[in-house]
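# Understanding the architecture of this molecule
Each chain is listed here by its residues.
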Amino acid sequence: MDDLDDRIDRWVVAGLITPATGDALRTHEHGGASHSGPDPTQPFDHEGPRPLAVVGEIVGYVGAILIVWSAAFLLSSTWTQLGDSARIALVAALTATITLAGILASRSPHAPAQRLSSVLLAGSVALAAWLAWLVADGTAGSEEVVAVATAGAAAATAAAIYAVRRRGLAQLALLTSLTALCLAAVAAAVDIDTMAGALAMGLAPLALGCAWVALAASWRLPPPTAGLIAGGLVAGLVPLAATSEPARGIGLAAAVAVSAGFIVLSLTRRPLASLMIPGGLGLLAGLPTLIDHLADDELATLAGVLIAGLGLVAASVWMLRRRAR
């Protein structure tokens, strides 16, 4: 059974099964034996790894907070006195420390350790972006080049993490960094003050979000629910802020149309019901903005918000009644 337990632990660490499923498999393979209370003949910590794991998770969060607080305090007083090489070395050491801690925590199959690992590795993505920004900024490159290098480093780090940890937070870090890279690349490649450039800034993240939703819907981006919601939010919300004149009206209309499409899919396809969340938020934010842009009338904007609210309430009631049936 020891070999089976090792395999189950590896499955949990790889994200193939949940810790609860792993515990159920162990119980089944060991003959289904279970006991309602601790064995008095065993040591105190034989009650199970869960209490110790939860305490370890909390201690890890406290330690991470202390690291961030102390580093921020020290850097605020000494950062301007450090040279470029010292700054890069300091951030690189911090990045390596947080990444190593996340890797070590990921080797435990218990859920608290896995959550702590996800948080630490997500922090390593942000630190990798900071490190890349320091290196790129020190080379005296243009702002566009620095932005692309920073977002590219974050995307590469997040992709490496998601390749071995198919979890929600890792997927969110990857999508966030890819969205930043998409915007930075478009800003570096085109003139955003022109019609084509402004339209590209709005439609590029919209296309990325829709592609993400499609991949999640086909179960190619586990966990799929996280992919549906995160991709839908990128497609429906990011164009609202990224699209500028003279293409703002087109970008807003496209984002609102996509959000409405998400709601339709959530109503007609049960596996895509979670698209109601980004669809509703996209309409809530995009429809008033679009009406205000087109009509520039407060009464029309309020009427549009009222219509959107009534439509969302009607969709919610319909979904609940369908669920009840």
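Here the structure is a predicted model, which means the values were calculated and not measured.

## Observations regarding helix 9 (residues 224-242)
When the terminal C-alpha atoms of helix 9 are compared, their 26 Å separation across 19 residues agrees well with the 27 Å that a helix rising 1.5 Å per residue should span. A bend of about 25 degrees at Val 234 is the largest found in helix 9. Those residues of helix 9 not exposed but buried are Pro 224, Gly 227, Leu 228, Ala 230, Gly 231, Gly 232, Val 234, Ala 235, Gly 236, Pro 239, Leu 240 and Ala 242. Contact partners of the buried residues in helix 9: helix 7 (168-189), helix 8 (195-217), helix 10 (248-268) and helix 11 (276-295).

## Considering the side chain of Thr 95
Here Thr 95 is to be found in helix 4 (residues 84-106). Using a relative accessible area of 10% as the deciding quantity, one classes Thr 95 as buried. With sequence-adjacent residues up to four places away left out, Thr 95 is seen in contact with Ser 124, Leu 127 and Ala 128.

## Thoughts on the confidence of the model for the protein
The share of residues in the protein with pLDDT of 70 or more is 86%, and the mean pLDDT across the chain is 83. Between residues 33-49, whose pLDDT stays under 50, and residues either more than four places distant or in other chains, the model counts three contacts.

## Considering unusual backbone geometry
The omega torsion across Pro 222 and Pro 223 is -10 degrees, close enough to zero to call that bond cis. Mapped onto the fold, Pro 223 is located in the loop between helix 8 and helix 9. Pro 246 follows Glu 245 through a cis peptide bond whose omega is 10 degrees. Residue placement: Pro 246 occurs in the loop between helix 9 and helix 10. Not every positive phi belongs to a glycine, and Trp 219 is a case in point at roughly 65 degrees. Mapped onto the secondary structure, Trp 219 falls in the loop between helix 8 and helix 9.

## Quick word on the nonpolar core
Formed by 43 residues in total, the largest nonpolar core has its most connected members in Val 125, Leu 175, Leu 228, Phe 262 and Leu 275. Of all elements in the fold, only helix 5 (111-138), helix 6 (143-164), helix 7, helix 8, helix 9, helix 10, helix 11 and helix 12 (298-324) reach the threshold of two or more residues within this core. Once you skip the residues sitting within four places of it in the chain, Phe 262 turns out to touch Cys 210, Val 213, Gly 232, Ala 235, Leu 275 and Gly 279.

## Considerations on the side chain of Gln 171
Tracing the chain through its elements places Gln 171 in helix 7. Setting aside residues no more than four positions away along its own chain, Gln 171 makes contact with Tyr 162, Trp 212, Leu 221, Pro 222, Pro 223, Ala 226 and Gly 227.

## Examining the environment of Leu 294
When you line up the elements, Leu 294 lands in helix 11. Classification of Leu 294 by relative accessible area gives exposed; the value is 64%. The spatial distance from the C-alpha of Leu 294 to the C-alpha of Gly 249 is 7.3 Å, given a sequence separation of 45 residues.

## Things to note about a nonpolar patch on the surface
A cluster of nonpolar residues, Trp 11, Leu 16 and Leu 25, forms a patch on the protein surface that exposes about 290 Å² of accessible area. Topologically, Leu 16 is positioned in the loop between helix 1 (2-14) and helix 2 (19-29).

## A word on the packing of helix 6 against helix 7
Running from N to C, helix 6 and helix 7 cross one another at 155 degrees; their axes reach a closest spacing of 8 Å. With respect to their mutual orientation, helix 6 and helix 7 come out roughly antiparallel. Crossing hand, helix 6 versus helix 7: left-handed. Here helix 6 contributes Glu 144, Ala 147, Val 148, Ala 151, Gly 152, Ala 154, Ala 155, Ala 158, Ala 159, Ile 161 and Tyr 162 to the contact with helix 7, which in turn contributes Ala 170, Gln 171, Ala 173, Leu 174, Ser 177, Leu 178, Ala 180, Leu 181, Ala 184, Ala 185, Ala 187 and Ala 188. Residues that form the contact of helix 6 with helix 7 fall into these classes: 19 nonpolar, three polar and one charged.

## So, helix 6
For an α-helix, the turn length of 3.6 residues means that residues three or four places apart are oriented alike. The end-to-end C-alpha separation of helix 6 is 32 Å, in line with the 32 Å expected for 22 residues at 1.5 Å each. Every buried residue of helix 6 is accounted for by Val 146, Thr 150, Ala 151, Ala 154, Ala 155, Ala 158, Ile 161 and Tyr 162. Around the axis of helix 6, the buried residues are gathered within 160 degrees of arc, so they sit on the same side. Away from its buried face, by an angle of more than 90 degrees, helix 6 presents the exposed residues Val 145, Ala 163 and Val 164. The elements touched by buried residues of helix 6 are helix 5 and helix 7.

## Structural notes on the packing of helix 5 against helix 6
Contact geometry for helix 5 and helix 6: axes closest at 8 Å, N-to-C directions at 150 degrees. As the angle between them shows, helix 5 and helix 6 are arranged roughly antiparallel. The handedness of the crossing between helix 5 and helix 6 is right-handed. Facing Leu 121, Ser 124, Val 125, Ala 128, Ala 129, Ala 132, Trp 133, Ala 136 and Asp 137 of helix 5, the residues of helix 6 in contact are Val 146, Ala 149, Thr 150, Ala 153, Ala 154, Thr 157, Ala 158 and Ile 161. Class assignment of the residues belonging to the contact of helix 5 with helix 6 gives a composition of 13 nonpolar, three polar and one charged.

The rules we used
- Residues numbered from 1 in each chain as written.
- Predicted model: local features only at pLDDT ≥ 70, side-chain atom pairs only at ≥ 80, totals over all residues.
- Heavy atoms only, no water.
- Helix = DSSP H or I, 4+ residues; strand = E, 2+ residues; numbered from the N terminus.
- Expected span 1.5 Å × (residues − 1).
- Bend = angle between axes of the 7 residues up to and from the residue.
- Buried < 20%, exposed > 50% of the residue type's maximum accessible area, 1.4 Å probe, protein only.
- Contact = heavy atoms within 4.5 Å.
- pLDDT = per-residue confidence, 0-100.
- Core = buried A, V, L, I, M, F, W, Y, C linked by side-chain atoms within 4.5 Å.
- Patch = residues over 30% accessible without salt bridge, like charges linked within 9 Å, V, L, I, M, F, W, Y side chains within 5 Å.
- Areas by Shrake-Rupley, 256 points an atom, 1.4 Å probe, with all protein chains shown as cover.
- Salt bridge = Lys/Arg side-chain N within 4 Å of Asp/Glu carboxyl O.
- Axes fitted to C-alpha atoms, helices over the stretch in contact; angles between N-to-C directions.
- Parallel < 35°, antiparallel > 145°, perpendicular 65-115°, else oblique.
- Left-handed = near helix turned anticlockwise from the far one by under 90°.
- Nonpolar A, V, L, I, M, F, W, Y, C, P; charged D, E, K, R; others polar.
- Arc of directions from axis to C-beta.

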